[in-house]
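# Per-entry structural report
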Amino acid sequence: MPQCEMCGASKSSLTTVKVEGAKLDLCDECKDFGTEVRTESSSSASSKYSTSSSSGKASSSSSSSSSDGSSKRRRRDMFDDMDEIATDYDQQVRQARESRGLSQQDLANELNEKTSLIRKIERGDVLPSDSVRKKLERKLEVSLTEGPSSDDDENEWSSGSSTKTTLGDVVKRKD
């Protein structure tokens, strides 16, 4: 009898699931930790380089290769609700600190953090933890986040035209 590759339980039927990039055969209790891998039948007219994806977002203009009528939106995960730190967080912290006339030592003392941490954050060597980020935002009255990504994936790749961006448009070959 096959065993679940996550918990080791012997089950009669296992489901192939992708967990953090690895395909695993999991039992019904463990399969919720990843995204189910759908296998397409070989009789379909898809090529070796199929563009359909069970976990990726699909638009209404894409071919309807799934006949089960499932949702065309990708499954939400814990990262969808997280705020992304701004790309220029280091400059924002330094400018806000300097505009208030505070030294790195003064700011660190007021936040009850080490001066070396403030120095590393301002250099961009370290991303501030959530607690430090919140302290900095409150003290310096700045926003260091870019907000949760709702449809950033689709907006990032679409240029407003009716044509779809393919992997070949994005990937650079090493030849």
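These remarks concern the structure in this document.

## Re the overall build of the protein
A tally of helices and strands in the protein yields six helices and three strands. Listed N to C, the secondary structure of the protein is β-β-β-α-α-α-α-α-α in terms of helices and strands. Within the protein, counting contacts between residues at least 6 apart in sequence, those at least 24 apart form 40% of the total. Here the protein displays about 13100 Å² of accessible surface, and carbon together with sulfur accounts for 46% of that area.

## Quick look at the pairing of strand β2 (residues 22–26)
Within a regular beta strand, the side chains point alternately toward one face of the sheet and then the other, so they alternate between its two faces. Pairing of strand β1 (residues 15–19) with β2 involves five bridges; the strand directions are antiparallel. Note on β2: the bridge partner recorded for Val19 is Ala22. Between the end of β1 and the start of β2, which pair antiparallel, lie two residues, with Glu20 showing a positive phi angle near 50°.

## Brief notes about the side chain of Asp90
Considering the arrangement of structural elements, one finds Asp90 in helix α1 (residues 89–99). Beyond its immediate stretch of four places on either side in the chain, Asp90 contacts Ile121, Glu122, Arg123 and Gly124.

## Some remarks on the environment of Glu5
When you line up the elements, Glu5 lands in the segment before β1. What Glu5 contacts, discounting residues up to four positions off in sequence, is Lys23, Leu24, Asp25 and Leu26.

## Topic: the pattern of salt bridges
Enumeration over the complete set of coordinates arrives at 11 salt bridges. When the shortest N-O distance is used, the salt bridge between Arg97 and Glu98 registers 3.8 Å. Arg97 gets classed as buried once you look at its relative accessible area, which sits at 7%. Residue classification places Glu98 among the partly exposed positions, given a relative accessible area of 49%. Between Arg133 and Asp130 there is a salt bridge whose closest N-O contact spans 3.8 Å. Taken together, the positions of Arg133 and Asp130, both in helix α4 (residues 130–140) and three residues apart, correspond to about one turn of that helix.

## Here we look at the sheet that holds strand β3 (residues 35–36)
Consider a sheet: its strands pair through backbone hydrogen bonds, and that pairing is either parallel or antiparallel. Judged by pairing direction, the sheet is antiparallel, and its three strands sit side by side in the order β2-β1-β3 without closing on themselves. Each edge of the open sheet is held by one strand with a lone partner, namely β2 and β3. Inspection of the sheet shows β1 paired to β3 by two bridges, in the antiparallel sense. Among the inter-strand pairings, Val17 is bridged to a residue of β3, identified as Glu36.

## A look at α1
For an α-helix, the turn length of 3.6 residues means that residues three or four places apart are oriented alike. Within α1 the residues assigned to the buried category are Tyr89, Asp90, Val93, Ala96 and Arg97. In a view along the axis of α1, the buried residues occupy a sector of 140°, so they form one face of it. Within α1, the exposed residues directed more than 90 degrees away from the buried face are Gln95 and Ser99. Looking at the packing, one finds that the buried side of α1 touches α2 (104–111), α3 (115–123) and α4. In the segment just after α1, Gly101 is the residue with positive phi, at about 70°.

The rules behind each value
Residues numbered from 1 in each chain as written. Predicted model: local features only at pLDDT ≥ 70, side-chain atom pairs only at ≥ 80, totals over all residues. Heavy atoms only, no water. Helix = DSSP H or I, 4+ residues; strand = E, 2+ residues; numbered from the N terminus. Contact = heavy atoms within 4.5 Å. Areas by Shrake-Rupley, 256 points an atom, 1.4 Å probe, with all protein chains shown as cover. Pairing = 2+ DSSP bridges. Salt bridge = Lys/Arg side-chain N within 4 Å of Asp/Glu carboxyl O. Buried < 20%, exposed > 50% of the residue type's maximum accessible area, 1.4 Å probe, protein only. Arc of directions from axis to C-beta.

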